[in-house]
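A structural walkthrough
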Amino acid sequence: MTLTEKLSYLVSQRGEDEATLLARAVDTGVETLYREAVIEAYLAGRCSREALLQELGPAIAAEVDQQREALRRDVEWGLSGV
Amino acid sequence: MSSGASRVSKALSDTGPILHLHEIERLDALGVFTQIEVPARVALELERLGLPPAAIRGRLGGAELVVTAPRTEQGDEGDEIGENGLLQPADRQVLALASRSRFRLPVLTDDLALRRRVEQESGVAVGSVGLLVRSFKLGRCRRSDLDQAVEALMSRSSLHMSRPFRRYVLELIRDLADR
């Protein structure tokens, strides 16, 4: 399905006009990209945990830490053994 | 390649690593073990996903696949361990098997909730990324194969890893020497 077809589907399903849907899509997209950029900066050591907490909240910060630790241990296990 | 890592003997697994490695055609990475044990509910999940144990035996890089029947008729073994509300029934069975082994056997999982429970018991949890890295470390694949497999795992498999974590993993393995 093309982007135009998806947009038409949303217009018919939600009863909202195209401009409103596009504005919301941009909002959602930018929010997602911003969140990813903050997480990426944190994982690369360019952003503090305090900043991560402030920007994304404790639940997401904890999830990021857990995922990072899981991947770090995975690679460590792969390289060094049990 | 000279390596300090050895092929370890046996591991327990949930559905995730088997499914994800199948999706990128790298089931052979499970051959870092000699035997993979899965509980009945995991075998059932795999079957529902089009991966019946009979179809994947022989594709695990030399590892034997063993399906263990639950001890209880209901198949909900694992509930007695407690704090398992976040775990799926199949993962509860994996946890029960791990408990039976006193958490001495590594548990293969990409599920963070199961990983947390295993690590709380001082067990070792290993995900698909770790299996691929170990496979490389043991000289079972080349560096370029590892890079391709990790990229594929994160972009094509149902593991669904977001861009920041993809970059993080690639950074972690960036400096590994080639064979």
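**Quick look at the overall build of chain B**
The helix and strand inventory of chain B stands at eight helices and five strands. Helices (α) and strands (β) of chain B occur, in sequence order from the N terminus, as β-α-β-α-α-β-α-β-α-β-α-α-α. When each of the 179 residues of chain B is scored for burial, the buried share is 52%. Excluding contacts between residues fewer than 6 apart, the proportion of contacts in chain B whose partners are at least 24 apart in sequence is 69%. If you sum the accessible surface of chain B, you get close to 8,200 Å²; carbon and sulfur atoms cover 44% of it.

**Structural notes on the interface of chain B and chain A**
At the interface, 30 residues of chain B touch 20 residues of chain A. When chain B packs against chain A, close to 2,300 Å² is buried across both sides, 69% of that on carbon and sulfur atoms. Across the contact surface, chain B and chain A share four salt bridges. Between Arg73 of chain A and Glu119 of chain B there is a salt bridge, with its nearest N and O atoms 3.0 Å apart. Counting every contact that joins chain B to chain A gives ten residue pairs in polar contact (both at pLDDT 80 or more). For the side of chain B that touches chain A, the elements supplying multiple residues, two or more each, are helix H5 (112-120), strand E5 (125-126), helix H6 (128-137) and helix H8 (163-173) of chain B. No other element matches H8 of chain B, which puts eight residues into the side of chain B that touches chain A.

**A look at the environment of Asp65 of chain A**
Residues and elements named next belong to chain A. Secondary-structure assignment places Asp65 in helix H3 (residues 49-80). Residues Asp65 and Glu36, spaced 29 residues apart in sequence, show a C-alpha to C-alpha distance of 14 Å. Setting aside residues no more than four positions away along its own chain, Asp65 makes contact with Tyr42 and Arg49. A distance of 2.7 Å separates polar atoms of two side chains, one belonging to Asp65 and the other to Tyr42. Polar side-chain contacts of Asp65 include one of 2.5 Å to the side chain of Arg49.

**Here we look at helix H7 (residues 143-155) of chain B**
The terminal C-alpha atoms of H7 of chain B lie 18 Å apart, and with 13 residues this matches the ideal 18 Å at 1.5 Å per residue to within 8%. Residues of H7 of chain B that are buried in the fold lie against helix H1 (15-23), H6 and H8 of chain B.

**Quick word on the packing of H3 of chain A against H8 of chain B**
Axis separation between H3 of chain A and H8 of chain B bottoms out at 10 Å; the angle between their running directions is 30°. As judged from the angle between their axes, H3 of chain A and H8 of chain B are roughly parallel. Once H3 of chain A is placed against H8 of chain B, the crossing between them reads as right-handed. Residue-level inspection shows Val64, Gln67, Arg68, Leu71, Arg72 and Val75 of chain A of H3 of chain A in contact with H8 of chain B, the latter providing Phe165, Tyr168, Val169, Leu172 and Ile173 of chain B. Grouping the constituent residues of the contact of H3 of chain A with H8 of chain B by class yields eight nonpolar, one polar and two charged.

**Some thoughts on the nonpolar core**
Of all hydrophobic cores here, the largest spans 68 residues; its most connected members are Leu30, Leu131 and Leu132 of chain B. Looking at which element gives the most residues to this core, the answer is H3 of chain A, with seven residues. With sequence-adjacent residues up to four places away left out, Leu30 of chain B is seen in contact with Ile18, Leu21, Ile36, Leu60, Ala63, Leu108 and Leu131 of chain B.

**Here we look at unusual backbone geometry**
All names here are of chain B. The backbone of Phe103 shows a phi angle near 60°, a positive value even though the residue is not glycine. Mapped onto the elements of the fold, Phe103 is located in the loop between helix H4 (89-100) and strand E4 (107-108). With relative accessibility at 13%, the residue Phe103 sits in the buried group. At Ser122, a residue that is not glycine, the phi angle is positive and equals roughly 65°. By relative accessible area, Ser122 is classed as exposed at 66%.

**Section: a nonpolar patch on the surface**
A cluster of nonpolar side chains, namely Met1, Tyr9 and Leu10 of chain A, defines an oily patch on the protein surface of about 340 Å² accessible area. For Leu10 of chain A, a relative accessible area of 32% corresponds to the partly exposed category.

**What about helix H2 (residues 40-48) of chain B?**
Looking only at H2 of chain B, the buried set comprises Val42, Ala43 and Leu46 of chain B. End-on, the buried residues of H2 of chain B take up no more than an arc of 100°, which puts them together on one face.

Parameters at a glance
- Residues numbered from 1 in each chain as written.
- Chains lettered and ligands numbered in written order.
- Predicted model: local features only at pLDDT ≥ 70, side-chain atom pairs only at ≥ 80, totals over all residues.
- Heavy atoms only, no water.
- Helix = DSSP H or I, 4+ residues; strand = E, 2+ residues; numbered from the N terminus.
- Buried < 20%, exposed > 50% of the residue type's maximum accessible area, 1.4 Å probe, protein only.
- Contact = heavy atoms within 4.5 Å.
- Areas by Shrake-Rupley, 256 points an atom, 1.4 Å probe, with all protein chains shown as cover.
- Buried area = accessible area lost by both parts, 1.4 Å probe.
- Salt bridge = Lys/Arg side-chain N within 4 Å of Asp/Glu carboxyl O.
- Polar contact = N/O pair within 3.5 Å; in protein donor to acceptor, adjacent residues only side chain to side chain.
- Expected span 1.5 Å × (residues − 1).
- Axes fitted to C-alpha atoms, helices over the stretch in contact; angles between N-to-C directions.
- Parallel < 35°, antiparallel > 145°, perpendicular 65-115°, else oblique.
- Left-handed = near helix turned anticlockwise from the far one by under 90°.
- Nonpolar A, V, L, I, M, F, W, Y, C, P; charged D, E, K, R; others polar.
- Core = buried A, V, L, I, M, F, W, Y, C linked by side-chain atoms within 4.5 Å.
- Patch = residues over 30% accessible without salt bridge, like charges linked within 9 Å, V, L, I, M, F, W, Y side chains within 5 Å.
- Arc of directions from axis to C-beta.

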